[in-house]
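One letter stands for each residue in the lines below.
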Amino acid sequence: MSEPKTIESNQNGIHDNLEMVVKRHLHSRFQRPFPDYSIAAFESVNDIVQRFDGPIILDSYCGVGESTANIAKVNPEALIIGVDKSLHRLQKHDTHYRHDDCNNYLLVRADLDDFWRQAVDAGWQLQQHYLLYPNPWPKSAHLKRRCHGSPLFPYLLELGGKLEVRSNWRLYIEEFCFALELAGHPSSVEHFHYSEPITPFERKYSAAKQDLWRCVASLD
């Protein structure tokens, strides 16, 4: 993996439009129809979830799935689902990252813009939800591409559980906390230290001595 770059942004603080954008999304529903491939991908996973009698943990933007396997290892009683839209990244899992001693996780290729909405419609309630180093979209013009500025943010909240978001860009976590507060879920920015990295990005950021940040919130 290449050397991580320092995040550069034309924002000096929380986006001026964030409050307006979040409040608008909290009072509206995202109506884009589900394409056939999204329906097929979700149905294959939902069938497993509906038969599983235990806690569900979602690892969104799981990439190569190393985090999914590591989360599964420390939560043997739960079903862990890693979701990413990149087939290229997911195909690396079995070769480099699979934990053969864990049989309580699965990976699915899906667009989270559809997957979160489908999970809400299917009545999923998560025990935990991880967003580990999502694309920060640091340009000011890309606010609505960030998870907390997206029209999908309300669906993220409706999935419930303990939410943990990690980033190497403090402002991203500050904005996420701000959005959570607007939605009635207080959280705070934490300077994050770990004993062992659980994703390739954490390993890369650690080697580069970059600071990491997170927020944790209860969405129940």
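Just above sits the structure.
Q: I'm lost on the packing of helix H1 (residues 18-26) against helix H8 (residues 170-182) in this one. Help?
A: Axis angle and axis distance: for two packed helices, these are the angle between their axes and the distance between the axes, and together they describe the pair. Relative orientation of the contacting elements H1 and H8 amounts to 45°, with a least axis distance of 10 Å. Between H1 and H8, the angle falls in the class oblique. Considering only the axes of H1 and H8, their crossing is right-handed. Counted together, Leu18, Glu19, Val22, Lys23 and Leu26 of H1 and Glu175, Phe178, Ala179 and Leu182 of H8 form the full contact between these two elements.

Q: How do you make sense of unusual backbone geometry when you look at a structure like this?
A: For residues other than glycine, phi is negative in most cases, and the peptide bonds are mostly trans. Look at Tyr61: it is not a glycine, yet its phi comes out positive at around 60°. If you trace the backbone, Tyr61 turns up in the loop between strand S1 (56-60) and helix H3 (66-74). Among the residues examined, Tyr61 registers a relative accessible area of 32% and is labelled partly exposed. Phi is positive for Trp137, close to 45°, though the residue is something other than glycine. Residue placement: Trp137 occurs in the loop between strand S4 (128-132) and helix H7 (153-158). Judged by its relative accessible area of 26%, Trp137 falls in the partly exposed class.

Q: Please clarify how the sheet that holds strand S2 (residues 79-84) should be interpreted in this entry.
A: Sheets are built from strands that pair by backbone hydrogen bonding, the pairs being arranged parallel or antiparallel. The mixed open sheet is built from seven strands, whose spatial order is S3-S2-S1-S4-S5-S7-S6. If you trace the sheet from one side to the other, it starts and ends with strand S3 (105-109) and strand S6 (190-191), each paired once. Sheet topology places S2 next to S3; five bridges connect them, and they run parallel. Bridge pairing in S3 links Val83 to Val108. Across the face of the sheet, helix H2 (residues 36-51) comes into contact with S1, S2 and S3 while running at roughly 160° to S3.

Q: I keep staring at the pairing of strand S7 (residues 213-218) and nothing clicks. Help me out?
A: Successive side chains on a regular strand alternate, one facing one side of the sheet and the next facing the other. Residues of S7 alternate between two faces, with Trp213, Cys215 and Ala217 buried on one and Arg214, Val216 and Ser218 left unburied on the opposite face. Direction of pairing for strand S5 (residues 162-167) relative to S7: antiparallel, over a ladder of six bridges. Bridging from a neighbouring strand, Ser167 pairs with Trp213 of S7. Taken together, the two bridges between S6 and S7 define a ladder with antiparallel strand orientation.

Q: Help me out: how do you make sense of the pattern of salt bridges in this one?
A: If the charged atoms of two oppositely charged side chains come close together, the side chains can form a pair. One pass over the structure, following the stated rule, counts 14 salt bridges. Across the pair Asp114 and Arg32 runs a salt bridge, and its minimum N-O distance is 3.0 Å. One end of the pair, Asp114, is in helix H6 (residues 112-121); the other, Arg32, is in the loop between H1 and H2, and 82 residues separate them in sequence. Judged by its relative accessible area of 0%, Asp114 is buried.

What counts as what
Sequence positions are assigned chain by chain, starting from 1 and proceeding in written order. With pLDDT at 70 or above as the cut-off, local features in this predicted model cover only qualifying residues; side-chain atom pairs require 80 or more to be listed or tallied, and sums for whole chains, interfaces and linings still use all residues. Excluded from the side-chain calculations are hydrogens and water; all other atoms, namely the structure's heavy atoms, are used. Helix axes are fitted to C-alpha atoms over the stretch in contact, other axes to C-alpha atoms as well, and angles between N-to-C directions run from 0 to 180 degrees. Where helices and strands are cited, they refer to DSSP runs of H or I of at least four residues and of E of at least two residues respectively, numbered from the N terminus. In this scheme, roughly parallel covers angles under 35 degrees and roughly antiparallel covers those over 145, while 65 to 115 is roughly perpendicular and the rest are oblique. Crossings are classed by handedness, with left-handed meaning an anticlockwise turn of the near helix from the far one by less than a right angle and right-handed meaning a clockwise turn. We call two residues in contact when some of their heavy atoms are within 4.5 Å. Each residue is placed in one exposure class: buried if its accessible area under a 1.4 Å probe, protein chains only, is under 20% of its type's maximum, exposed if it is over 50%, and partly exposed if it falls in between. Strand pairing is defined by DSSP finding a minimum of two bridges between the two strands. Each salt bridge in this description consists of a side-chain nitrogen of Lys or Arg and a carboxyl oxygen of Asp or Glu lying within 4 Å of one another.

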